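An overview of the molecular structure
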Amino acid sequence: AQKVTQAQTEISVVEKEDVTLDCVYETRDTTYYLFWYKQPPSGELVFLIRRNSFDEQNEISGRYSWNFQKSTSSFNFTITASQVVDSAVYFCALSEANAGGTSYGKLTFGQGTILTVHP
Amino acid sequence: DVKVTQSSRYLVKRTGEKVFLECVQDMDHENMFWYRQDPGLGLRLIYFSYDVKMKEKGDIPEGYSVSREKKERFSLILESASTNQTSMYLCASSGGVYTEAFFGQGTRLTVV
């Protein structure tokens, strides 16, 4: 069975600090997809990034960066120079691939990490 | 702008009532999902559907059923609501090319 673990339940930082959110996953599939979502206080989950199991390149998008390491089954998320607007719950998720190699969108989620950025 | 819309943001129902949670998407997606979110447990999949009139159980289907009569609409049904079904319910959809799921704003259900 698939499993996603986000060991950090809550993180509190002061604005402009860098913060890394950890994600460790388990799967028997050789083809899979990893995701990060942000859930602000409004409640709607916002998609941040998708990464497939064959692409281990790290990615940077503005202040956000992601480090995917298959060897340690980890997909960590770093926010550089955090801002108050980054305060949210962040979820890491894993999706199995169907026979065609694309994802159904059926996601297994981690427990979520509550990030609070103080001014 | 892609959109998944859930019919209610907040609901309060009594124990034993039959409860309907409605979800509509405007992206012509084949796949639709119902998740339940509880503190410390993340999101857990209740049911999903890959096509009209088709449904599959997720990880926690007990006490729930679903209906998908039209491609854009996916309903979650609590046959006889119980207090342990008090939770946040999130609907999502996904399509063939864009594999990420798009989520609705959530329905916070309280069963008293």
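Everything discussed here concerns the structure shown above.
My aim in this report is to walk through the structure given alongside it, one point at a time. It should be emphasised that the depicted structure is a prediction, and the values quoted were computed from it without experimental measurement. (Residues numbered from 1 in each chain as written. Chains lettered and ligands numbered in written order. Predicted model: local features only at pLDDT ≥ 70, side-chain atom pairs only at ≥ 80, totals over all residues. Heavy atoms only, no water.)

Some thoughts on the overall build of chain B
Let me state the cut-off plainly: Helix and strand definitions here come from DSSP, where helices need a minimum of 4 consecutive H or I residues and strands a minimum of 2 consecutive E residues; each element is numbered from the N-terminal end. With C-alpha atoms as the basis for the radius of gyration, the globule rule is written as 2.2 Å multiplied by the number of residues raised to the power 0.38. A 1.4 Å probe rolled over the protein chains alone gives each residue an accessible area, and that area as a share of the maximum for its type sets the label: buried under 20%, exposed over 50%, partly exposed in between. By definition, residues are in contact when any of their heavy atoms lie within 4.5 Å. Positive: Lys, Arg. Negative: Asp, Glu. His and the chain ends are not part of the count. By convention, the charge on Lys lies at NZ, on Arg at CZ, on Asp at CG and on Glu at CD.
For chain B, the count of helices and strands is 0 helices and 11 strands. Shown N-terminal to C-terminal, the secondary structure of chain B runs as helices and strands in the order β-β-β-β-β-β-β-β-β-β-β. For 112 residues, the compact-globule estimate of 2.2 N^0.38 gives 13 Å, and chain B sits close to it at 13 Å. Among the 112 residues that make up chain B, the fraction classed as buried is 52%. Contacts in chain B between residues far apart in sequence, at least 24 positions, make up 54% of those at least 6 positions apart. Side-chain charges of chain B comprise 15 positive and 15 negative groups, with the mean position of each set lying 7 Å from the other.

A word on the state of the cysteines
Residues and elements named next belong to chain A. Our working rule: Cysteine sulfur atoms are paired as a disulfide whenever they fall within 2.5 Å.
By the definition in use, this model includes 2 disulfides over all chains. Covalent S-S linkage joins cysteine 23 and cysteine 92, the inter-sulfur distance amounting to 1.9 Å. When the S-S torsion is -65°, as for the bridge of cysteine 23 with cysteine 92, the disulfide is left-handed. You can see cysteine 23 sitting in the loop between β3 (19-21) and β4 (24-26) and its partner cysteine 92 sitting in strand β10 (residues 88-97), a full 69 residues away along the chain. For cysteine 92, a relative accessible area of 0% puts it in the buried group.

Section: the nonpolar core
Formally: Side-chain atoms within 4.5 Å are what join buried Ala, Val, Leu, Ile, Met, Phe, Trp, Tyr and Cys residues into a set we call a nonpolar core.
Formed by 23 residues in total, the largest nonpolar core has its most connected members in A:Trp36, A:Phe77, A:Tyr90 and A:Leu115. Listing elements by their share of this core, those giving two or more residues are β2 (10-14), β3, β5 (32-39), β8 (64-69), β9 (74-79), β10 and β12 (113-118) of chain A. Ranked by residues supplied to this core, first place goes to β10(A) with 4 residues. With residues near it in sequence (within four places) discarded, A:Phe77 still touches A:Val19, A:Thr20, A:Leu21, A:Trp36, A:Leu48, A:Tyr64, A:Ser65, A:Trp66 and A:Tyr90. In terms of nonpolar packing, the next biggest core, distinct from the first, is built from 21 residues, B:Val4, B:Val19, B:Trp34 and B:Leu76 among them.

Quick word on the interface of chain A and chain B
Often the size quoted for an interface is simply the accessible area lost on bringing the parts together. Our working rule: Note on definitions: buried area is the accessible-area loss of two parts on being combined, 1.4 Å probe, summed for both. A carboxyl oxygen of Asp or Glu within 4 Å of a side-chain nitrogen of Lys or Arg is what we treat as a salt bridge. In the analysis that follows, any N or O atom pair within 3.5 Å is treated as a polar contact, provided that within protein one partner can donate a hydrogen and the other can accept it, and provided that, for residues neighboring in sequence, both atoms belong to side chains.
Contacts between the two partners involve 19 residues from chain A, matched on the other side by 21 residues from chain B. In total, about 1,700 Å² of surface goes out of reach between chain A and chain B, with carbon and sulfur atoms giving 55% of it. One salt bridge in this structure joins A:Arg50 and B:Glu100, with 2.7 Å as the shortest N-O distance. Remark: the boundary between chain A and chain B carries 5 residue pairs in polar contact (both at pLDDT 80 or more). When contributions to the side of chain A that touches chain B are tallied by element, the ones reaching two or more residues are β5, β6 (46-52) and β11 (103-109) of chain A.

Some thoughts on the pattern of salt bridges
Scanning all chains against the criterion turns up 10 salt bridges over all chains. A salt bridge links A:Arg63 to A:Asp86; the shortest N-O distance between them is 2.8 Å. Here the residue A:Arg63 occupies a position in the loop between β7 (59-61) and β8, and A:Asp86 occupies one in the loop between β9 and β10, the gap between them amounting to 23 residues. Here A:Asp86 falls in the buried class, since its relative accessible area comes to 1%. Linking B:Asp28 and B:Lys71 is a salt bridge whose minimum nitrogen-to-oxygen distance equals 3.1 Å. Taken as a pair, B:Asp28 in the loop between β3 (19-25) and β4 (31-38) and B:Lys71 in the loop between β7 (64-70) and β8 (73-78) lie far apart in primary sequence, 43 residues in all. What emerges from the salt-bridge pattern is a single network uniting A:Arg51, A:Asp55 and A:Glu59.

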